[in-house]
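# Commentary on secondary and tertiary structure
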Amino acid sequence: PALMSCPQVQRALLALTVPLEMLQAVKGRMLQAMRKGLSRQTHAQANVRMLPTYICSTPDGTEKGDLLVVELCQSHVRTLWVTLLGDGNQSPQVMYKIFDTPGDIMKGKGEALFDFIAQCVRQFLAGIGSPQHRLPLGFVFPFSCRQTRLDKAELISWSKGFSCSDVEGKDVVQLLQSAINKQELYHVDVVALMNDTVGTMMTCSMGGEPCEVALVVGEQRAPRVPGWWGGGGLRQCSPPLLPADTGTNSCFMAEAQQVEMAEETSGRMCVNTEWGCFGDDGTLSDILTPYDQRVDQESSSPGEKRFEKLVGSLYLGEIVRHALTALAAEKALFIGSSVAVLRTKDVLKTQQVLEIIDNEEGMAKARGALEALGLRPSERDCCRVQQICRAVVSRAAALCAAGLAAILSHMCQSRELERLVVNVGVDGELYRGHTRFREILQSVTGLLAPECTATLLPSVDGTGQGAAMVTAVTLRLAAQRREVDQLLAPLRLSRTDLERVQVLMRREMELGLGRESNANASVRMLPTYVCGTPDGTERGEFLALDLGGTNFRVLVVRVAQDGIRMASEIYVIPTAIMQGTGEALFDHIIECIMDFQLKQDLMEQVLPLGFTFSFPCQQLGLDKAVLLSWTKGFSASGCVGQDVVHLLREAAQRKQHLGLKVVAVVNDTVGTMMSCGYDDPKCEIGLIVGTGTNACYMEEMQNVGTVEGEQGRMCINMEWGAFGDNGCLDDIFTDFDRLVDEKTINAGKQRFEKLISGMYLGEIVRHILLALVKKQLLFRGKPCPKLQNKDIFQTKFLSTIEIDGLALRQVRAILQDLELQASFEDSVLVREVCQTVSLRAAQLCAAGLAAVVEKMRENRGLARLAVTVGVDGTLYKMHPRFSQHLQQMLRDLAPNCTVTFLQSEDGSGKGAALVAAVACRGAEPRGQPPLSPQ
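Every value quoted in this text rests on a predicted model; they were computed, and no experiment measured them.

The complete set of buried residues in helix α19 (residues 644–654) reads Val644, Val645, Leu647, Leu648, Ala651 and Ala652. Viewed end-on, α19 has its buried residues packed into an arc of 160 degrees, placing them on one side of the element. On its buried face, α19 sits against β16 (540–547), α18 (582–599), β19 (607–613), β21 (624–627) and β22 (660–666). Between a side-chain oxygen at the N-terminus of α19 and the backbone nitrogen of Val645 the separation is 3.0 Å; the capping residue is Asp643.

Let us look at the state of the cysteines. Across all of its chains, the model carries 0 disulfides by this definition. The structure places no disulfide on Cys617, whose sulfur is separated from the nearest cysteine sulfur, that of Cys639, by 11 Å. Since its relative accessible area comes to 11%, Cys617 is described here as buried. In this model Cys683 remains outside any disulfide bridge; the closest cysteine sulfur is found in Cys676, 4.9 Å from its own.

Right, let's get into the packing of aromatic side chains. With the rule as written, the count across this model stands at 19 aromatic pairs. Between the aromatic rings of Phe615 and Phe634, the centroid separation amounts to 5.1 Å while the plane-to-plane angle is 65 degrees, which identifies the pairing as edge-to-face. In this pair, Phe615 is assigned in the loop between β19 and β20 (617–621) and Phe634 in the loop between β21 and α19, connecting sequence segments 19 residues apart. Neither Phe615 nor Phe634 differs from the other in exposure class; each is buried. Pairing Phe723 with Phe752 gives two aromatic rings, centres 5.1 Å apart and planes at 70 degrees, and the pair type is edge-to-face. With Phe723 in the loop between β25 (713–717) and α21 (735–742) and Phe752 in the loop between α21 and α22 (753–756), the pair connects residues that are 29 residues apart, well separated along the chain. Given a relative accessible area of 0%, Phe723 falls into the buried group. Here the aromatic cluster, defined as three or more aromatic residues joined through ring pairs, consists of Phe139, Phe141, Phe143, Trp158 and Phe162. Over the aromatic face of Tyr96 sits the side chain of Arg78, whose NZ or CZ is 5.6 Å from the ring centroid.

Cut-off values and rules
- Residues numbered from 1 in each chain as written.
- Predicted model: local features only at pLDDT ≥ 70, side-chain atom pairs only at ≥ 80, totals over all residues.
- Heavy atoms only, no water.
- Buried < 20%, exposed > 50% of the residue type's maximum accessible area, 1.4 Å probe, protein only.
- Helix = DSSP H or I, 4+ residues; strand = E, 2+ residues; numbered from the N terminus.
- Arc of directions from axis to C-beta.
- Contact = heavy atoms within 4.5 Å.
- Polar contact = N/O pair within 3.5 Å; in protein donor to acceptor, adjacent residues only side chain to side chain.
- Disulfide = S-S within 2.5 Å.
- Phe/Tyr/Trp six-rings, centres within 6.5 Å; stacked < 30°, edge-to-face > 60°.
- Lys NZ or Arg CZ within 6 Å of the ring centre and 35° of its normal.

Shown next as structure tokens:
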């Protein structure tokens, strides 16, 4: 009742209470400030700096070895020796020593400071008689730095009473390493620099589940034992407090592509928010009380670190002091006492405030603290003081919760999760010592970020052991990176490798074109007898037949002034017919053609027909092609060695179908070139990169030794999939390629195709993943029975996994379908393997194409060639990066050629009809109408 009757106290308590809607608004503003800090455009103006730490992984429990840590604190340097046993980090062994820093060093020359730190390291190592093997060192440097690597960081500005000359703007890692070298400790390498918040996150990751957020509120406990402390195993003790950092900060694992200030784009990176400066631009002005304004004015940095001044332990006692001063002036407290003592800065310590809010002892502590200041408090005064203290601490906890909720919601959104489950490491006296602070932090975070489940974990010596963990993880990742690079090195082709492939392709092309050398060339360079590309004058109706697999199509194509119209139907070839007699196969084809003509009302007309026949043939004329061998599951008897047009005409006679006029047999690659040629007259190359790969182009007749005649040009079907079958590419093939080749039905054949085409890339990736598992670099080395199955890793997975900006959880989902339990890091590595394999495929394809365009340019005696490539195939069309990589490398390898790529629409159907149309155009006097129906 005594409290209720005092409006001044009520007003003060109300001013210090932030309602839930307001906390929601603070969370929203924090989110905005974080986004501003992450973006490259706005980073310079941001108050919440969101600094990249270059820490890209949390511990996985396999870390082991001896590590050194050096921590620079406000009044001392702490050195630690930590031994990790690779046992899930259950029992790290720790020894350490503390060295008091002489006062003059903190304000003297930078060189003297680093020399002092290095001397501490030398003494410490001498004291424990350390061996001379290489010792990695982690450096805890709790000042604002611009970090560009884990082991490179420029000091932005000193704080906390330090002001050494010649350090700001310099790389502090380099300064420490030089000082250590001066002490002749050449085996000590500074491998990582971090601040205290990151260390907190790392020590909380030791229990098996990763911890991905950390929060520091108030002083961190650093053990304070004069001289030495060590022991067999880690003795859990609660050493007395040392003045460490008394501010507040947070860090979390962000999606790397959102950290625009760092170059990393895959995986995650820990971001140090530096959120103490949140509100420096005025965004918190509507929650600041007059007490906060006075605290700020009296501080050493007015207008700065506004958020820290609301929640940091350095300031809570001061906020309470100003509130009490104001209430005393309003005669609501200490009536009859002189309150002049309350005007002195720092007479009330945060530690005392925290004792006063205690339920049991609080009133007695309040009385003791006030009496020690010479005040004579009444029971009611003590009660009111306790209320003010509670309001200040509760507000600090609630504001911290708003900041934490912003981080959690940001993580949940950027990972595209419905629900985020995460561990949060917390350190600092406010959290550790006070159940009330903890409870408010937990419950308000839950209210403000209901989509996130956060478990708060108290940190054990974040600065010491945490720094050792950062260092250990760094070494583990560096060792893994070396092994991964070594494994993938043979697949990473240099510019020189690709230039050599280009030269070899050119050599094989020349051999394939030569009359004498053709028989021994790996690139067959088959003449197609197609001697022109469309010029736009083609007119009329044409039939097309497309046979290349288990389905085949019949089409009618109408070429008119205003474009091309098509109608088509798909027919199935039953397995029994594919593997029966040739007569049955071709009879079936003719029956389907008749069915189509009937449906399309074309039985009365004799239309020129273009036949796309996608099996290896030796072409002897435009309408004469001898089947060399069946592929794709066909084995019809009596066909190999026969002219397929002749077989088709014989079947037509048997079926008494007389209206059939086959004018051209076409390979699908040529069809692709022709169908694009109708839209772009400069299209003189066809390329297919799908299940298989092949190319064709217009060659000068005088260079085609295998066909009589010198005039004009002819399209050459390269059959380049077989490039390298003669062994000329053996040094490009890796062990993975050999494993894939051995298991194919045509081992040793189509070697170039097996490096490039969709049918094989997934298999190459599968073999690499198996090798990584075997080396314990992937899936924690656990056996993956499903990965043993051939073709389980489909090429379409490569396309999906490499989509730009595809969240890694989607990569994990693909891997989970394969029964692979992938961690976040596993997903990053799988993506890297996919990228390596598909990049190599695109670059090899570019090297082949470079040989083609350069040959065409030289043939025509041009300084520059402008040419278009008609392209088809699922890999080219569906893969997110293949076409980009192919075109980029082609520009590099053939700088004197301007090459345009045009995606083909239905090369095998429309293309075949256009070959027929061009053939008919050539056969008639110009200006005559095309074949009138007989």
